Amino acid sequence: MSTRYARISLTSPFKDFALGLVATVALALSGCASLTGPPGGAEKSAATPGAAASASGSASASVPASAQAGQPRPFAEIVKDAKEMPGLIRMWQKDEKIWLELAPDQFDTLYLFSTSLTRGLGEKWFFGGIMWDDNVVSFRKAGTTIQLIARNQRYFAKHGTPEARAVEEAFADSLLTVAPIVSQPHPDRKSVLVEANALFLADIPAANGMLERMFRQPYAFDARGSNITAIRQTAEQTSINLSANYVLGRVIQPPATPGPVPATPPPSTVPDIRSLLLGFNHNFTKLPDAPMRPRLADDRIGFFTTTRFDYSNDTAFTPRVNYVKRWRLEKSDPAAALSEPKQPIVFWLDRNIPDRYRATVIAGILEWNKAFERIGFKDAVQAKVQPDDADWETVDARHASVRWMLSARPLFGGVGPSLADPRTGEILDADVGIDPVRIRNRRFQRVEQVSPPIAPPLFGMRGAFVCERAEFGANETGFALDLLEARGLIEPDSPEAEEFALADLKETVMHEIGHVLGLTHNFRASTIYTQTQLADPEFTRTNGIAGSVMEYNPVNLALANERQGAFNMVTLGPYDYWAIEYGYKEFVAAEEADELKRVAARSAEPQMAFAQDDETAAGVDPDATQGDLGADTLEFAERRIALAHELWDRWQQRTLKDGESYASLRRNITRGLEQVRSASIIAAKHIGGISILRDHSGSPRAPLNPVSMERQRAALKVLETGVFASDSFRFKPEFLRRLSIDYFDRTETDFNAGIEALPRSYDYSLPAQVLAVQRESLNRVMSEGVAQRLLDSEAKLDDPAQALQLSELYATLHRSIWSELKSGKDIPLLRRNLQREHAGKLATALLRPAASMPADARAIIRADARALRSELGTTRTRNGFSAAAKAHIAEMTSMLDEALKAPVVRQGV
């Protein structure tokens, strides 16, 4: 592709921003233009030149007399001696000035306007190369100004109908930026000039809101310190690079008295936090002349979707339509069983990817061709390397890419956003980012960041960047490699360690490419293979370790002395083939609806197991879980607890090499605790759990099925013996004395079970870390939701007598947590912490019951509290207890006495 490229180094004259402000305010006062910004209020502030001028304090710049008089200069006079830059939108450059030339037929023409961050901060989602936002836009002439309008594509009706007119009146567009017309029309083309500086040197990306959100500092866009740095032109695209300065007029200081949660730190990677020079790339791209035929989504298969509302037919059940997001893929030879596509899906490896990893990245991309070949496409997905001397950038629209994204503090391992034609769901561009910290530092692994948003997009950044499980990948590979090293199977920096890292990289690339092919997560796919199959090296090499690479698959770790299957998911699973068939197989238009129903009806087949982020976030289905593996999720939880204990035992017996940091021991404790925490949550999800299936009518399975009572009781036993038992966490004193910190990485944190990261102390508090693990699973099993589901399950069982009763659950917790009251053994600190947590939950349920707490649950809790109070009263003077234990018993007795005085509150079901 021929690309015209101009690199510009200039300062940004500000005089025309004042002109823009004057013109815009005048129009607003006359009712000819709306200054109402895009949705989001303050988060979208400074999105117009007027706002930008206010932010930089330069609204008093001079205005040319001709402009004040309302007489723009002749077109030829302005562009005299200027360099013409033809392209999708013709541009002109003369010294520090740049103009857009807009012809009459370009007004109200739809363009895809996308923004990428080309230079970031290396932290808090400000990563160079990441997609930021996109809109369908058009230029609108409003009096003496040009407005860039984000056009509302979400709501539509058949063109030319009364319904279309009603839609237009009902739903608003948004103004992104505005600038004055600076020339008279061209004598022949009738086009006009708009100064690019006035149009684009504004906070169009709404980064000020994102900065304030992430750093709690009031950053404002500074137009005087910003400038256009490069223009790239093709017939299909116009790209404008900016250096955007964001400034602090006043640095917000932390409170003089620290609170329970430390103040959010300011940016840590810049020389002076008062100025952040971010880079943005704005792309204008042509939308397809002939829109792709959209494909309706099916909720049994996980695709990202474009959701629109079609008001053309008021007899439809709902106006909502969901289109699959997919690339346009058509056979060159429709009659051939296997044909090359007319236009393949090409991913460019950015030139910033080191040479030694390019082969692995390419292998991860091309792995998807196996799925496309099965539906008749040869070489549908291709990988190419950007030449070092290329005059284009991979952040430009229409260059799908994979690139390295460096970070100062790892936040993710891979990210796979894309942008699509909102009219049809056709994917037009995608930029996969890989954080290579996974390769150079084994403490971190994959955490992919494209879960569907649970809220509207924030601060202009793409909503697809919401992630709910950032800690999973950071721990998994470190845990696996530490355990394998302790077993003597892998040494750091050995060929085996390199092979392990490259397999992880390939899996990550496959996962992210799956996203940019349109696939969402599948958090049930890890349940299709048995433990016997997972232990078979040949089976796992051929079939993988799960049903899909779109899972958060943990490392497949065998117990000591077991056979070891493949560690990673480095090939496609059966679900991946099925999903690609639904999204990309070609069908005759008249037959497509029936054929898609036939494909989707396979959802009841065991290997097509599927659950999206929604089921996982609900937390009620133990099989819809991130980071589990195997058909028996409860068995996986038990195995992970056993592996954590093996890691601790081996490292407690291990002699460090001379000069090796003791901080590695501390990290091992943390990684093991994270494994126990994750396992305890998996076990806890079985109690009151519901299997949620997306089957439609005609399937032999019901969509809502309580977890069997046998498995619920088994899960309770796992918690009782593995998490709440008196010997669940045992460490040698000499080992605990060696848990030093990494003195060069004071920002590291100890385990905190999802609580906001706190700087670690010099000392290591094992009781505090253990309590964080126990508290999370205890909170879950004693929650109002679990209580309600256990009560509800009786009505869903053929034999209600087999149901796990609330009284049985609470009695089991009581027996396990307070076992010393029966045994007469002393109560150490770890146990006192857990007991205090349990008694506190009983007291809170009586004194301040949640509105959602079922009445039966509160009654049973009151009975349990009375029973515990009675036990405490009979044992408080026992001689076998230490002074601390006696004081603890006395305190718990007083707490329960006060709680039991609370009056009974009548509640509904």
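This one's a predicted model, so the numbers in the text were calculated from it and none came from an experiment. (Residues numbered from 1 in each chain as written. Predicted model: local features only at pLDDT ≥ 70, side-chain atom pairs only at ≥ 80, totals over all residues. Heavy atoms only, no water.)

Some words on the overall build of the protein chain
(1) Moving on: Assigned secondary structure in the protein chain consists of 28 helices and 23 strands.
(2) Moving on: Relative to its 909 residues, the protein chain shows a buried fraction of 56%.
(3) Moving on: Taking all contacts inside the protein chain whose residues are at least 6 apart in sequence as the whole, residues at least 24 apart take part in 75%.
(4) Moving on: As presented, the protein chain carries roughly 37900 Å² of accessible surface, and 52% of it is formed by carbon and sulfur atoms. (Helix = DSSP H or I, 4+ residues; strand = E, 2+ residues; numbered from the N terminus. Buried < 20%, exposed > 50% of the residue type's maximum accessible area, 1.4 Å probe, protein only. Contact = heavy atoms within 4.5 Å. Areas by Shrake-Rupley, 256 points an atom, 1.4 Å probe, with all protein chains shown as cover.)

Examining the sheet that holds strand β8 (residues 155-156)
The pairing of strands in a sheet happens through backbone hydrogen bonds and is either parallel or antiparallel.
(1) Moving on: Reading across from one edge, β8-β14-β15 is the order of the 3 strands in this open sheet, with mixed pairing throughout. With one partner strand each, in any of the chains shown, β8 and β15 (320-324) form the two edges of the open sheet. (Pairing = 2+ DSSP bridges.)

Re the environment of T527
(1) Moving on: Summarising the element assignment, T527 is placed in the loop between α12 (495-516) and α13 (531-534).
(2) Moving on: Separated by 19 residues in the primary sequence, T527 and A546 have C-alpha atoms spaced 6.9 Å apart.
(3) Moving on: Those residues in contact with T527 that sit more than four places away from it in its chain are A609, D623, D628, G630, A631 and T633.
(4) Moving on: At 2.7 Å, the side chain of T527 and the backbone oxygen of R524 are in polar contact. (Polar contact = N/O pair within 3.5 Å; in protein donor to acceptor, adjacent residues only side chain to side chain.)

Let's talk about the nonpolar core
(1) Moving on: Core analysis: the biggest nonpolar cluster contains 138 residues, and W368, F372, I513, Y584, I687 and L813 have the highest contact counts within it.
(2) Moving on: Looking at which element gives the most residues to this core, the answer is helix α18 (residues 633-652), with 9 residues.
(3) Moving on: Excluding anything up to four places from it in sequence, F372 contacts L329, I345, F377, A380, V381, L517, I580 and Y584.
(4) Moving on: Residues I89, L121, W132 and A202 belong to the second largest nonpolar core, which totals 55 residues. (Core = buried A, V, L, I, M, F, W, Y, C linked by side-chain atoms within 4.5 Å.)

Regarding the environment of E168
(1) Moving on: In this fold, E168 is placed in helix α5 (residues 162-170).
(2) Moving on: Residue classification places E168 among the exposed residues on the basis of a relative accessible area of 64%.
(3) Moving on: Considering only alpha carbons, one finds E168 and N152, 16 residues apart in sequence, at a separation of 9.1 Å.

Some remarks on the packing of helix α8 (residues 355-366) against α12
(1) Moving on: Between α8 and α12, the least distance of the axes is 8 Å, while the angle of their chain directions is 45°. Comparing the axis directions of α8 and α12 gives the class oblique. The handedness of the crossing between α8 and α12 comes out as right-handed. Listed contacts from α12 to R356, Y357, T360, V361, A363, G364 and I365 of α8 are E498, L502, L505, K506, V509, M510 and I513.
(2) Moving on: Class assignment for the residues of the contact of α8 with α12 results in 9 nonpolar, 2 polar and 3 charged. (Axes fitted to C-alpha atoms, helices over the stretch in contact; angles between N-to-C directions. Parallel < 35°, antiparallel > 145°, perpendicular 65-115°, else oblique. Left-handed = near helix turned anticlockwise from the far one by under 90°. Nonpolar A, V, L, I, M, F, W, Y, C, P; charged D, E, K, R; others polar.)

Let's talk about the sheet that holds strand β3 (residues 91-94)
(1) Moving on: Strand order in the open sheet made by the 4 strands is β2-β3-β4-β10, with antiparallel pairing throughout. Two strands close off the open sheet at either side, each with one partner strand: β2 (83-85) and β10 (192-195). On average, each strand axis in the sheet is inclined to that of its neighbour by 30°, with strand direction left out of account.
(2) Moving on: With 4 bridges connecting them, strand β4 (residues 97-102) and β10 associate as antiparallel partners. The partner of E101 across the bridge, within β10, is L193.

A short note on the packing of aromatic side chains
(1) Moving on: All told, the structure shown has 25 aromatic pairs when counted by the stated rule.
(2) Moving on: The interplanar angle of 45° and the centroid separation of 5.5 Å between the aromatic rings of F126 and W132 together place this pair among those described as tilted.
(3) Moving on: Take W132: its relative accessible area is 0%, and that puts it in the buried class.
(4) Moving on: Grouping aromatic residues by their ring pairs yields a cluster made of Y111, F113, F139, F200 and F284.
(5) Moving on: One Lys or Arg, R374, reaches over the ring of Y577 and ends 3.8 Å from the middle of that ring. (Phe/Tyr/Trp six-rings, centres within 6.5 Å; stacked < 30°, edge-to-face > 60°. Lys NZ or Arg CZ within 6 Å of the ring centre and 35° of its normal.)

So, the pattern of salt bridges
(1) Moving on: Scanning the entire structure with this criterion turns up 44 salt bridges.
(2) Moving on: Between E101 and R189 there is a salt bridge, with its nearest N and O atoms 2.6 Å apart. Of this pair, E101 sits in strand β4 while R189 is found in the loop between β9 (174-180) and β10, placing the two residues 88 residues apart along the sequence.
(3) Moving on: For E101, a relative accessible area of 3% translates into the label buried.
(4) Moving on: By relative accessible area, R189 is classed as partly exposed at 33%.
(5) Moving on: By sharing partners, the salt bridges in this structure join E84, R90, E101 and R189 into a single network. (Salt bridge = Lys/Arg side-chain N within 4 Å of Asp/Glu carboxyl O.)

Focus: the packing of helix α19 (residues 663-686) against helix α20 (residues 709-722)
(1) Moving on: With their axes 8 Å apart at the nearest point, α19 and α20 run at an angle of 150° to one another. The angle between the axes of α19 and α20 places the two elements in the roughly antiparallel class. Along this stretch, α19 crosses α20, giving a crossing that reads as left-handed. The residues of α20 that touch α19, namely those facing S680, A683, A684 and H686, are R711, Q712, A715, V718 and L719.
(2) Moving on: Classifying every residue of the contact of α19 with α20 by side-chain character gives 5 nonpolar, 3 polar and 1 charged.

Quick word on the side chain of R666
(1) Moving on: Mapped onto the secondary structure, R666 falls in helix α19.
(2) Moving on: Overall, R666 belongs to the buried group, its relative accessible area being 0%.

Concerning α20
(1) Moving on: Spanning 14 residues, α20 covers 20 Å between terminal C-alpha atoms, matching the ideal 20 Å at 1.5 Å per step.
(2) Moving on: Of the residues making up α20, those classed as buried are M709, Q712, A715, L716, V718, L719, E720 and G722.
(3) Moving on: Looking at the buried side of α20, the elements it contacts are α18, α19, α22 (766-781), α23 (784-796) and α24 (806-817). (Expected span 1.5 Å × (residues − 1).)

Some remarks on unusual backbone geometry
(1) Moving on: Phi at R398 takes a positive value of approximately 75°, unusual for a residue other than glycine.
(2) Moving on: Here R398 lies in the loop between β17 (381-385) and β18 (401-404).
(3) Moving on: Phi angles above zero are rare outside glycine, and N561 is one such case at about 70°.
(4) Moving on: Owing to a relative accessible area of 83%, N561 belongs among the exposed residues under this scheme.

Remarks on the pairing of strand β13 (residues 275-286)
(1) Moving on: β13 sits mainly inside the fold: 9 of its 12 residues count as buried.
(2) Moving on: Bridge count between strand β5 (residues 111-119) and β13: 8 bridges; the pairing is antiparallel. Following the sheet pairing, T115 is matched in β13 by H282.
(3) Moving on: With 11 bridges joining them, strand β12 (residues 237-247) and β13 adopt antiparallel strand pairing. Residue pairing across strands places T238 opposite F284, the latter belonging to β13.

Section: the side chain of K506
(1) Moving on: Along the chain, K506 turns up in helix α12.
(2) Moving on: You can call K506 buried: its relative accessible area is 17%.
(3) Moving on: Apart from residues lying up to four places away in sequence, K506 is in contact with T360, A363, G364, E367 and V570.

Concerning the confidence of the model for the protein chain
(1) Moving on: Residues at a pLDDT of 70 or more form 84% of the protein chain, whose mean pLDDT is 85.
(2) Moving on: Across residues 1-68 the pLDDT falls below 50, and counting only partners more than four positions away or on other chains, this stretch makes 145 contacts in the model.
(3) Moving on: Counting interchain partners and residues more than four positions distant, the pLDDT-below-50 stretch residues 753-759 has 12 contacts. (pLDDT = per-residue confidence, 0-100.)

Looking at the environment of M709
(1) Moving on: Assignment of secondary structure puts M709 in helix α20.
(2) Moving on: Since its relative accessible area comes to 8%, M709 is described here as buried.
(3) Moving on: Taking the C-alpha atoms as reference points, M709 and L797, separated by 88 residues in sequence, lie 9.6 Å from one another.
(4) Moving on: The contacts of M709, once residues within four sequence positions are left out, are L797, Q802, A803 and L804.

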